[in-house]
Amino acid sequence: MKRLTAIFITLLLAAAAFAQTTVTTPSKDLKLQLRDVQTLGSDVEITVLVTNLSQNEVLLNLVGGIYQTGMGGSVAYDNDGNVYELGRVQVSVANKNLTDQYSATVFPPSVPVKCHILIKGVAKEATAMAKVKLCVLCPQLNIQNTGICFELNNVSFR
């Protein structure tokens, strides 16, 4: 019985390690940390901290789910196969209002700034976001088109 319990615990720990959230960044000068995930009715709000690792102050612009002149915006994919884009992905920097367009502020060096991603109308069957692509613009860091994104993988919310 002890052996069966040990095997079960090992499998649970392996599954938990496999399902951990991972983050990739579009630039060596930016860092993103997952801070919180919560459900708000059928919506999912992801709170992150973004840190400017460069030596200079930069204007960083988060891009919501909109499309302009062929450039894609932020998009989310749940673990049930659904895609959330356009007006269903909203962003905000600091304490600004959520928008499906652009939200920007000046990021001083080495100071984390709280940002939010709201994914609206998430399917009841979904328990996680398999991938969230948070697109950014920052001319001072040579990030000048919205194809450049942070990626959060395996963000559980239920």
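Given the structure is predicted, the values throughout are model-derived calculations rather than measurements. Along each chain, numbering runs from 1 in the same order as the chain's sequence is written. With the structure being a predicted model, the display of local features is reserved for residues of pLDDT at least 70 and the display and counting of side-chain atom pairs for 80 or more, all residues being used for whole-chain, interface and lining totals. Excluded from the side-chain calculations are hydrogens and water; all other atoms, namely the structure's heavy atoms, are used.

**Details of the pairing of strand β5 (residues 75-78)**
Then, in step 1: Any two strands with at least two DSSP-identified bridges between them are counted as paired. Per the convention used, a helix needs a DSSP run of H or I reaching at least four residues, while a strand needs a run of E reaching at least two, with both numbered from the N terminus. Both β5 and strand β10 (residues 128-137) contribute to a ladder of four bridges, which runs antiparallel. Note on β10: the bridge partner recorded for Ala76 is Val132.
Then, in step 2: Here β5 pairs with strand β6 (residues 83-84) via two bridges, running antiparallel. Its bridge partner being in β6, Tyr77 is matched across the sheet by Val83.
Then, in step 3: In this antiparallel pair of consecutive strands, β5 and β6, the connection spans four residues, and Gly81 shows a positive phi of 95°.

**Points about unusual backbone geometry**
Then, in step 1: In this model, Leu86 sits at a positive phi of 50°, which is unusual for a non-glycine residue.
Then, in step 2: Its place among the elements puts Leu86 in the loop between β6 and β7 (89-93).
Then, in step 3: Look at Ser110: it is not a glycine, yet its phi comes out positive at around 65°.
Then, in step 4: By secondary structure assignment, the location of Ser110 is in the loop between β8 (102-107) and β9 (112-119).
Then, in step 5: Residue classification places Ser110 among the exposed positions, given a relative accessible area of 55%. Burial status follows relative accessibility: with a 1.4 Å probe on protein chains alone, a residue under 20% of its type maximum counts as buried, one over 50% as exposed, and anything between as partly exposed.

**Focus on the sheet that holds β7**
Then, in step 1: Spatially, β2-β3-β9-β7 is the arrangement adopted by the four strands of the open sheet, whose pairing is antiparallel. Each of the sheet's edge strands pairs with one partner strand only, and the pair in question is β2 (30-40) and β7. In this sheet, adjacent strand axes meet at a mean angle of 20° when their direction is disregarded.
Then, in step 2: As paired elements, β2 and strand β3 (residues 43-52) share ten bridges and run antiparallel to each other. Residue pairing for β3: Thr39 is matched across the bridge by Val44. Between N-to-C directions, angles span 0 to 180 degrees; the directions come from axes that are lines fitted to C-alpha atoms, helices contributing only their stretch in contact.

**Thoughts on the side chain of Ser27**
Then, in step 1: Turning to its location among the elements, Ser27 is positioned in the loop between β1 (22-24) and β2.
Then, in step 2: In protein, a polar contact means a hydrogen-donor-capable atom and an acceptor-capable atom, both N or O and within 3.5 Å, with residues adjacent in sequence counting only if both atoms are side-chain atoms; elsewhere, any N or O pair within 3.5 Å suffices. A polar contact is formed between the side chain of Ser27 and the backbone nitrogen of Asp29, at a distance of 3.0 Å.

**Here's the deal with the side chain of Asp78**
Then, in step 1: Mapped onto the fold, Asp78 is located in strand β5.
Then, in step 2: For Asp78, the side chain forms a polar contact with the main-chain nitrogen of Gly81, separated by 2.9 Å.
Then, in step 3: The criterion used for residue contact is that any of the two residues' heavy atoms lie within 4.5 Å. Discounting chain neighbours no more than four positions away, the residues touching Asp78 are Tyr84, Ala123, Ala126, Ala128, Met129 and Ala130.

**Description of the pattern of salt bridges**
Then, in step 1: We define a salt bridge as a side-chain nitrogen of Lys or Arg found within 4 Å of a carboxyl oxygen belonging to Asp or Glu. Summed over the entire model, instances satisfying the criterion amount to two salt bridges.
Then, in step 2: Its salt-bridge partner being Asp29, residue Lys28 comes within 3.6 Å of it at the nearest N-O pair.
Then, in step 3: Taking the relative accessible area as the measure of exposure, Asp29 reaches 18% and is therefore buried.

**Considering the confidence of the model for the chain**
Then, in step 1: Counting all residues, the mean pLDDT for the chain is 86, and 84% of those residues have values of 70 or more.
Then, in step 2: Contacts for the low-pLDDT stretch residues 6-18, under 50 throughout, to residues beyond four places or in other chains number one contact. In predicted models, pLDDT denotes the confidence assigned by the predictor to each residue on a 0 to 100 scale.

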